[in-house]
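# Residue-level structural notes
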Amino acid sequence: SAVISQKPSRDICQRGTSLTIQCQVDSQVTMMFWYRQQPGQSLTLIATANQGSEATYESGFVIDKFPISRPNLTFSTLTVSNMSPEDSSIYLCSVVPGGQGGYNEQFFGPGTRLTVL
Amino acid sequence: KNQVEQSPQSLIILEGKNCTLQCNYTVSPFSNLRWYKQDTGRGPVSLTIMTFSENTKSNGRYTATLDADTKQSSLHITASQLSDSASYICVVSPYNAGNMLTFGGGTRLMVKP
């Protein structure tokens, strides 16, 4: 398994500003992901955070809006840039530790609840 | 387009009662199907994972079933507790898609005393 922490747990921000969310894992993991969960919706994958290289973004998400860093195998950040009220969501970090007997089970962090005014 | 549909969208039951949540999917072929529990304000936590060859998997009071022929899965909760109040998400991992997952919209369960 993996224990994941995120900072901040929640924040209220003004439109036009940016927020960086941190994700820390208690062990080295190969795969790290960032998801968005809009109010009342299920999870949508934003990007795969690749260690030592640029993140891989899903359709509809771009690096200028959601820059991601992954300096090592236990840490990643997601920045929500130039925020608007539509960015109000829960942002979740997820990891696949590996060695799960072929299941590739994903573990999720507690999420960061972002409200943009 | 691969889809995962869950029903009902929401459900209210009395404490101690049983309930069954449904998941229909079109993802094919797939590697595994998962059920997650998500408490309000928290990240999803895995309850069960089943490969395409498994029919049932239990985790305490939670029992998941899978019918790969009809592309249906269910999650049965026995003797519900107030702490079972949460959203339950069905997630399918497409075959050869690596770690990419297809999420259902979830069923919001409320257990009342």
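See above for the structure.
Residues numbered from 1 in each chain as written. Chains lettered and ligands numbered in written order. Predicted model: local features only at pLDDT ≥ 70, side-chain atom pairs only at ≥ 80, totals over all residues. Heavy atoms only, no water.

### Concerning the overall build of chain A
Formally: Counting from the N terminus, the helices are DSSP H or I runs at least four residues long and the strands are E runs at least two residues long. Only the C-alpha atoms count toward the radius of gyration. The rule for a globule is 2.2 Å times the residue count to the power 0.38. When accessible area is computed with a 1.4 Å probe and restricted to protein chains, residues below 20% of their type maximum are described as buried, those above 50% as exposed, and intermediate ones as partly exposed.
A count of helical and extended segments in chain A gives zero helices and 11 strands. Sequence-ordered secondary structure for chain A, helices as α and strands as β, is β-β-β-β-β-β-β-β-β-β-β. Its C-alpha atoms give chain A a radius of gyration of 14 Å, within 12% of the compact-globule value 13 Å for 117 residues. Taken over the C-alpha atoms alone, chain A extends approximately 45 × 30 × 25 Å along its principal axes. For chain A, buried positions account for 50% of its 117 residues.

### So, the pairing of strand β7 (residues 68-72) of chain A
This is how it is decided: Pairing between two strands requires that DSSP report at least two bridges joining them.
Sheet analysis places β7 of chain A next to strand β8 (residues 75-80) of chain A, joined by three bridges and oriented antiparallel. The residue bridging Asn72 of chain A from the neighbouring strand is Phe75 of chain A, located in β8 of chain A.

### Description of the sheet that holds strand β1 (residues 4-7) of chain B
Remark on secondary structure: sheet strands pair via backbone hydrogen bonds, oriented parallel or antiparallel. Residues and elements named next belong to chain B. To be explicit about the condition: Angles run from 0 to 180 degrees between N-to-C directions of axes, and those axes are lines fitted to C-alpha atoms, restricted for helices to the stretch in contact.
On the basis of which strands lie adjacent, the open sheet formed by five strands has the order β1-β3-β8-β7-β6 and antiparallel pairing. The sheet is open, and its two edges are formed by β1 and β6 (56-59), each paired on a single side. Pairwise comparison of adjacent strand axes, ignoring direction, gives a mean angle of 15° for this sheet.

### Here we look at the interface of chain A and chain B
Test applied: Contact criterion: two residues are considered in contact whenever any of their non-hydrogen atoms come within 4.5 Å of each other. Here the quantity called buried area is the total loss of accessible area, with a 1.4 Å probe, experienced by two parts when brought into contact, counted for both. Counted as salt bridges are all cases of a side-chain nitrogen of Lys or Arg within 4 Å of a carboxyl oxygen of Asp or Glu. Under the rule applied, a polar contact is a pair of N or O atoms within 3.5 Å (in protein, one hydrogen donor and one hydrogen acceptor; residues adjacent in sequence only if both atoms are side-chain atoms). Charged means Asp, Glu, Lys or Arg here, nonpolar means Ala, Val, Leu, Ile, Met, Phe, Trp, Tyr, Cys or Pro, and polar covers whatever is left, Gly included.
Taken together, the 19 residues of chain A in the interface contact 20 residues of chain B. Of the roughly 1600 Å² buried between chain A and chain B on both sides combined, carbon and sulfur atoms contribute 53%. Between chain A and chain B we count zero salt bridges in total. For the interface between chain A and chain B, the tally reads four residue pairs in polar contact (both at pLDDT 80 or more). Of all the secondary structure elements, the ones that give two or more residues to the side of chain A that touches chain B are β4 (31-37), β5 (44-49) and β9 (89-96) of chain A. At four residues, β4 of chain A tops the list of elements feeding residues into the side of chain A that touches chain B. Partitioned by chemical class, the residues of the side of chain A that touches chain B number 10 nonpolar, six polar and three charged.

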